[in-house]
Amino acid sequence: MLQVVWFKRDLRLEDHAALCAAAIRDRILPLVIVEPDYWRQPDVSARQWNFWRACITDLGEAIAAKGGRLCIRVGDAVSVLSAIKAEHGPFVLRAHEETGNEWTFDRDKAVRRWCKTEGIAFEENRQFGVWRGRKVNRDRWAQAWDRMMAMPAQPVPPLLMWERSVTDNLPDAAELGLTEDGVQVVPLAGRAQALATLHSFLHERGEHYTREMSSPLSGETACSRLSWHLAYGSLSIRETLQAAQARYRELPLSEKAWRQSLRSFIARLHWHCHFIQKLESEPEAEYRPMARIYDGLRPRPADAAKLAAWSEGRTGYPFIDAAMRYLNATGWINFRMRAMLMSFASYDLWLHWQESGLVLARKFIDYEPGIHWPQCQMQAGETGINTIRIYSPVKQGYDQDPTGVFIRRWLPELADVPDAWLHEPWKLTEEDRERLCPDYPDRIVDHAAAAKFAKDAIYALRRKPEARAEAKAVVQKHGSRKRTADRKRAGVKADQLKLAL
Ligand SMILES: Cc1cc2nc3c(=O)[nH]c(=O)nc-3n(C[C@H](O)[C@H](O)[C@H](O)COP(=O)(O)OP(=O)(O)OC[C@H]3O[C@@H](n4cnc5c(N)ncnc54)[C@H](O)[C@@H]3O)c2cc1C
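Note that the structure is a prediction, hence the values are computed from the model and not measured. (Residues numbered from 1 in each chain as written. Predicted model: local features only at pLDDT ≥ 70, side-chain atom pairs only at ≥ 80, totals over all residues. Heavy atoms only, no water.)

Draft legend 1. Structural detail: the pattern of salt bridges. Enumeration over the complete set of coordinates arrives at 35 salt bridges. In this structure, the salt-bridge partner of Glu239 is Arg191, at a minimum N-O distance of 2.7 Å. Here Arg191 lies in helix H6 (residues 191–205) and Glu239 lies in helix H10 (residues 237–250), a separation of 48 residues in the sequence. In this structure, Glu239 and Arg191 share a single accessibility class: buried. When the shortest N-O distance is used, the salt bridge between Asp456 and Lys452 registers 2.6 Å. In this pair, Asp456 and Lys452 both sit in helix H21 (residues 447–462), four residues apart, roughly one turn of the helix. Because the salt bridges share partners, they merge into one network encompassing Lys8, Glu35, Glu98, Arg107 and Asp108. (Salt bridge = Lys/Arg side-chain N within 4 Å of Asp/Glu carboxyl O. Helix = DSSP H or I, 4+ residues; strand = E, 2+ residues; numbered from the N terminus. Buried < 20%, exposed > 50% of the residue type's maximum accessible area, 1.4 Å probe, protein only.)

Draft legend 2. Representation of the state of the cysteines within the structure. Considering all chains together, one arrives at zero disulfides under this definition. For Cys71, which is in no disulfide, the shortest distance to another cysteine sulfur is to Cys115 and amounts to 16 Å. Cys223 provides the cysteine sulfur closest to Cys376, a residue in no disulfide bond, and the two sulfurs are 18 Å apart. (Disulfide = S-S within 2.5 Å.)

Draft legend 3. Geometry of empty space enclosed by the protein. The full count for this structure, using the stated rule, is four cavities of 30 Å³ or more. If you add up the space inside the largest cavity, you get close to 140 Å³. Forming the boundary of the largest cavity are 15 residues, of which Lys8, Ile33, Glu35, Trp52 and Arg107 lie nearest the centre. Among the secondary structure elements, those contributing two or more residues to the lining of the largest cavity are strand S1 (2–7), strand S2 (28–34), helix H2 (46–65) and helix H4 (102–118). Class assignment for the residues of the lining of the largest cavity results in ten nonpolar, one polar and four charged. Empty space within the second largest cavity amounts to approximately 90 Å³. Grouping the constituent residues of the lining of the second largest cavity by class yields two nonpolar, four polar and six charged. (1 Å grid on protein atoms, 1.4 Å probe; cavity = no way out; pocket = protein on both sides within 12 Å on 5 of 7 lines; lining within 4 Å. Points joined across faces, edges and corners; volume = space filled by probe spheres on them. Nonpolar A, V, L, I, M, F, W, Y, C, P; charged D, E, K, R; others polar.)

Draft legend 4. View of the site of the ligand. In the vicinity of the ligand there are 27 residues, among which Tyr209, Ser224, Arg225, Ser227 and Glu368 approach most closely. Within the side chain of Tyr209, an N or O atom sits 2.7 Å from an oxygen atom of the ligand. The separation between an oxygen atom of the ligand and a polar main-chain atom of Arg268 is 3.4 Å. Taken by itself the ligand offers 830 Å² of open surface, and the protein chains cover 99% of this. When contributions to the shell around the ligand are tallied by element, the ones reaching two or more residues are helix H9 (227–232), helix H11 (256–281), helix H14 (335–348) and helix H16 (369–379). Top contributing element to the shell around the ligand by residue count: H11, with six residues. (Near = heavy atom within 4 Å. Polar contact = N/O pair within 3.5 Å; in protein donor to acceptor, adjacent residues only side chain to side chain. Areas by Shrake-Rupley, 256 points an atom, 1.4 Å probe, with all protein chains shown as cover.)

Draft legend 5. Representation of the domain arrangement of the protein in the model. The assigned domain composition of the protein is domain 1 (2–127) and domain 2 (292–478). Using C-alpha coordinates to define each centre, domain 1 is positioned 37 Å away from domain 2. Opposite the eleven residues of domain 1 that make contact, domain 2 presents twelve residues. Across the interface of domain 1 and domain 2, roughly 980 Å² is buried in total on both sides, 50% from carbon and sulfur atoms. Considering only the surface of domain 1 that becomes buried against domain 2, Asp43, Arg47 and Gln48 emerge as the three largest contributors, covering 51% of it. Along the contact surface separating domain 1 from domain 2 lie zero salt bridges. Class assignment for the residues of the side of domain 1 that touches domain 2 results in three nonpolar, five polar and three charged. (Domains from an automatic or database assignment. Contact = heavy atoms within 4.5 Å. Buried area = accessible area lost by both parts, 1.4 Å probe.)

Structure representation (structure tokens):
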């Protein structure tokens, strides 16, 4: 029977379980569904669509090179599948399990209901080390992840028999109602880019990853830069892990920096799925704190003026504003800066993580709901189990951008401010400010006072007995069980251990 392979965030032919399962059975209709309703959701953006679109084009070319034609349909999934059934007759529907947000989860439920009514088999394969459902046993999770990742990555099936079908044109961002923001993503997308990025990281750029990942200056090249390829699936997580492990094995013991960096990188690939598992097991985490005691801690709606100043890079804190403007212009920023931006929004500005999280989600080309929402909650201190980490924007600036190169690059209005005041321009005299940086805003909040207020409010809640009970339940549900000894062996530092929880 005809096999419809529905490509979602797995836009590749390599290590594609659904495609392999289809190939040994019958003809394949490769399908991408562009769902306008998805692109109306508050967490999506033109920069994401443009990247996704470029990956779809790339996949279409890969399929064409194998003699087939990618079928693109625009519409809601159930209507598209109904039309395909009317045109081609009954089929088996195959896809990877999608670990997305509530919208995609509800859509999959609707598709499943339709399949049941129509007598269509809907077969799904796991693509990440993430297990469906709320009752995942966290005690065995790490071992299951290791087992899944150790299975051989599957090559493109040697024999592919294609079914052809009519196809729609890929809409542009405007046709989906998305506003272009000028970020150029097309040259970055696709399988060849993914492989080249992986190779350059493992063989050229990654040596000082551990040491250089935190600064936005060095992080740009020292980080793997694989997140968007993993998010849209032009590279599978297993291929990535196995390539890193193979590279690690061939390194002599004397290559200490490389070995340390690759161990850190491999640990992060584990976190990728560890975080996504949290949202998979508790989908409400997209909207509600894992520890319910924090519900209502921060006001909603959030202060619109503060949210806008933060989002546009106009808070008056140069390092925060430079990081945000870099993200606005490129669609990516390193982990430390993401955490710092979220910390500033959550503690200094006391904004609800759901609202600041939506702003960031739209800015990230690599938006991955399962990583994003648990991270947003964690950085806002609302998981109940993680150490409260309030980043000082000034200290971070001195640590990560000591000479102010990054600040000056992204805040041209501070170009003339001498180094001594660059991280704290509010310390200039009124007269000097007027002379040196008249267009840069005054800081919108006093960090020390805001951090104290936030700490007091959170610790007042944390001390309550019910908070402790809740924290235990959160650890039970979501905490990593990988033994400390295992992690030490893998070279993961203590602060990363806290993060992994
Ligand atoms: C508030 C906040 C929101 C975030 N939202 C996203 C998101 O939407 N999409 C996303 O891919 N990452 C997100 N991250 C995690 C992390 O910042 C990015 O994965 C990383 O910066 C991407 O760059 P890279 O691929 O060069 O990372 P590398 O450091 O090279 O890491 C390699 C891969 O490991 C995974 N990874 C790295 N750090 C983490 C982490 N802390 N938690 C889980 N997985 C990790 C990612 O898949 C990443 O691509 C978020 C972090 C924070 C603090």
